[in-house]
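Structural description and commentary
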Amino acid sequence: MDENFVLISGCSGGGKSTLLNELRVRGHHVVEEPGRRIVREELAGDQRALPWVDPAAFARRAIEVTLADRQAARALSGWVFFDRGLIDAASALGAVTGDAMVETLCAAHRYHRRVFMAPPWPEIYATDGERQHGFESSLTEYQRLATVIPAFGYETVTLPKSSVSARADFVLASLLTGPM
C-alpha cells in the first residue's frame, strides 16, 4: 500500500482539478488526471481512444497511464495527490466491457486508506473540449465510484462544497487525523 498516494475521485466537474491545483500551489506533489491528458493526445492524433468514440479503448489507455503515473510517483516523498486513479479507470472499463480486471488491479495497487470524493455540484459543472459528457453521465459515474471504492476497503470522505482553500485545508486536516 502506498499510504502517501492520495486519491481524489468523484463526480466529473466537481472541482477535483481546481482542488489539486491548490494543493500543488501549497507545495504538494500532484498527478494530473489521466483522462484529460489522453483526450488532449487523442485530439491531436488519430482520435481512436476518445471516451466518446471508444470508451473501452479510452479506459484501457487510462489504466496504462495511471500505472505509469504510480510508478513515477514512487520517487516522490510526502503526499502525492492523484486526480483520479486506477480505481476510476478500471471500474470504467468494467462498466463498459464487464471486464473484472478492477479487482486484480485495485488489490495490487493501493492508495491511502482515505479516498476523497468530489460530490455532484451542478452549480460549477461545465463541459469543455475535453469534457463533452453531460451532468447526468457524471452522476452515473459518481454513483459507480461511490459503490466501487468502499468495496475495496477504502474510507470515502466527501469533499465539502466550499472554497478551494477550505477544501484543501479539509483534505490536509483529514489526512493528519485518525480514523474518521
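Look up: the structure comes first, before these words.
Quick notes on the rules
Residues numbered from 1 in each chain as written. Predicted model: local features only at pLDDT ≥ 70, side-chain atom pairs only at ≥ 80, totals over all residues. Heavy atoms only, no water. Axes fitted to C-alpha atoms, helices over the stretch in contact; angles between N-to-C directions. Helix = DSSP H or I, 4+ residues; strand = E, 2+ residues; numbered from the N terminus. Parallel < 35°, antiparallel > 145°, perpendicular 65-115°, else oblique. Contact = heavy atoms within 4.5 Å. Expected span 1.5 Å × (residues − 1). Buried < 20%, exposed > 50% of the residue type's maximum accessible area, 1.4 Å probe, protein only. Core = buried A, V, L, I, M, F, W, Y, C linked by side-chain atoms within 4.5 Å. Phe/Tyr/Trp six-rings, centres within 6.5 Å; stacked < 30°, edge-to-face > 60°. Lys NZ or Arg CZ within 6 Å of the ring centre and 35° of its normal. Pairing = 2+ DSSP bridges.

All right, on to the packing of helix α1 (residues 16-25) against helix α7 (residues 164-176) then. Relative orientation of the contacting elements α1 and α7 amounts to 70 degrees, with a least axis distance of 9 Å. Here α1 is positioned roughly perpendicular relative to α7, judged by the angle of their axes. Two secondary-structure elements touch here, α1 through Thr18, Leu19, Glu22 and Leu23 and α7 through Val164, Ser165, Arg167, Ala168, Val171 and Leu172.

An α-helix turns once every 3.6 residues. As a result, residues three or four positions apart point the same way. Over its 19 residues, helix α3 (residues 55-73) runs 26 Å from end to end, which matches the ideal 27 Å to within 8%, given 1.5 Å per residue. Buried within α3 are the following residues: Ala56, Phe58, Ala59, Ala62, Ile63, Val65, Thr66, Asp69, Arg70 and Ala73.

Ile63, Phe82, Ile87, Tyr111, Ile149 and Tyr154 are the most contacted members of the largest nonpolar core, which totals 33 residues. Broken down by secondary-structure element, the contributors of at least two residues to this core are β1 (5-10), α2 (34-44), α3, β3 (80-83), α4 (86-97), α5 (101-108), β4 (114-118) and α6 (135-151). Looking at this core element by element, the count peaks at 7 residues for α3. Residues contacting Ile149, with those up to four places away along its chain left out, are Ser9, Ile87, Val115, Met117, Tyr154 and Thr156. Listed in part, the 15 residues of the second largest apolar core include Ile8, Leu19, Val30 and Leu175.

Our next topic: the packing of aromatic side chains. In this structure the tally under the stated criterion is 2 aromatic pairs. Taking 5.0 Å as the distance between ring centres and 55 degrees as the angle between the ring planes, the aromatic pair formed by Phe5 and Phe82 counts as tilted. Residue Phe5 is found in strand β1, and its partner Phe82 is found in strand β3; the two are separated by 77 residues along the sequence. For Phe5, a relative accessible area of 1% translates into the label buried. For the pair Phe82 and Tyr111, a centre-to-centre distance of 5.6 Å together with 75 degrees between the ring planes defines the contact as edge-to-face. Within this pair, whereas Phe82 is found in strand β3, its partner Tyr111 is found in the loop between α5 and β4, the two being separated by 29 residues in sequence. Look at Phe82 and you get buried, because its relative accessible area is 1%. The side chain of Arg110 reaches across the aromatic face of Tyr154, ending 4.1 Å from its centre.

It is worth spelling out the sheet that holds β1 at this point. The parallel open sheet is built from 5 strands, whose spatial order is β2-β3-β1-β4-β5. Looking along the sheet, the strands with just one partner apiece sit at the ends: β2 (29-31) and β5 (155-158). Neighbouring strand axes in the sheet, compared pairwise and without regard to direction, differ in orientation by 30 degrees on average.

Moving on: the environment of Gly14. Among the structural elements, Gly14 can be located in the loop between β1 and α1. Given the relative accessible area of 0%, Gly14 is considered buried. For the pair Gly14 and Pro119, spaced 105 residues apart in sequence, the C-alpha separation works out to 6.0 Å.

Distances and angles like these do not, on their own, reveal function.
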